[in-house]
Amino acid sequence: MNLDLFAPDASPGGVEAIGPQSFVLRGLALPCVPQLLAALRGIEAAAPFRHLVTPGGFSMSVATTNCGTLGWTSDRRGYRYTPHDPDTGRAWPALPAVFLALAAEAAAQAGFAGFAPDACLVNRYRPGTKLSLHQDKDEQDYSAPIVSVSLGLPAVFQFGGLARADRPARVPLQHGDVVVWGGVDRLRFHGVLPLKQGRHALLGEERINFTFRKAGPPP
Ligand code: MD3
Ligand code: FE
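Residues numbered from 1 in each chain as written. Chains lettered and ligands numbered in written order. Predicted model: local features only at pLDDT ≥ 70, side-chain atom pairs only at ≥ 80, totals over all residues. Heavy atoms only, no water.

### Brief notes about the pairing of strand S6 (residues 119-125)
Among the 7 residues of S6, 7 are classified as buried, and the element is accordingly described as predominantly covered. Of the two faces of S6, the one holding Ala-119, Leu-121, Asn-123 and Tyr-125 and the one holding Cys-120, Val-122 and Arg-124 are both buried throughout. Two elements, strand S3 (residues 63-68) and S6, share 6 bridges in a ladder whose sense is antiparallel. In the sheet register, Cys-67 faces S6, and the bridge partner there is Cys-120. (Buried < 20%, exposed > 50% of the residue type's maximum accessible area, 1.4 Å probe, protein only. Helix = DSSP H or I, 4+ residues; strand = E, 2+ residues; numbered from the N terminus. Pairing = 2+ DSSP bridges.)

Structure below.
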């Protein structure tokens, strides 16, 4: 256990291992925040945020949209990846070059060279929004890592084990942090605690998370 995980001022440029093949890359996204936010405005305009409904019939507290050739969606029939936005019938917006470059750089720094995501799930949190403990298993190829970029308000990430009952560790994530999960950690349970009230200088009362996946078939 790395006690530095709980340091309030994790230093930009630092790398923290949170699992055998999982790493927090502190502040890695900071230099490209303006480009990320500009690209987000385009994505939102083409594919507005929505609150997906789970197969159980509950509306998720997190708001989501996607870019890439595949996008993750949910409704009463189940969870799946689709090439089209079910709300508009159009293809999801393309993955912006800055997204691809940042995801590939982060994956490479974590030991996953050649990461080429085909899907980016965009999650929007507001104070009170949470994401319950779950596994990401709707992708076809678990050999690829997942890369996540945090912007705006801080959040506490829960990082569990391979069984739901394994008590999760808490990892604080700040604006600009990038996390990479892969290999033996790819199917670990994880979630996000309810977002605390606050105001971020650039994003106001919001946290944005970009989650990059290889969702389709392996090349
Ligand atoms: C850990 N999103 O969208 S980062 C999700 O901050 C999701 O919005 C969170 O979990 C967020 O599914 C957490 C992404 C993440 C994705 C896959 C993982 C973390 C993971 C797989 C294994 C372990
Ligand atoms: Fe997840």
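The structure having been displayed, the exposition proceeds.
### Quick word on the sheet that holds strand S8 (residues 146-152)
Within a sheet, neighbouring strands are paired by backbone hydrogen bonds and run either parallel or antiparallel to one another. One open sheet accounts for 7 strands, arranged S1-S2-S11-S8-S13-S6-S3; its pairing is antiparallel. Both edges of this open sheet fall to strand S1 (15-19) and S3, since each of them pairs with a single strand only. Geometrically, the sheet is characterised by an average inter-axis angle of 20° between neighbouring strands, direction not taken into account. Looking at chain direction, S8 and strand S11 (residues 178-181) are connected through 4 bridges and run antiparallel. Paired with Ile-146 across the two strands is Trp-181, which belongs to S11. (Axes fitted to C-alpha atoms, helices over the stretch in contact; angles between N-to-C directions.)

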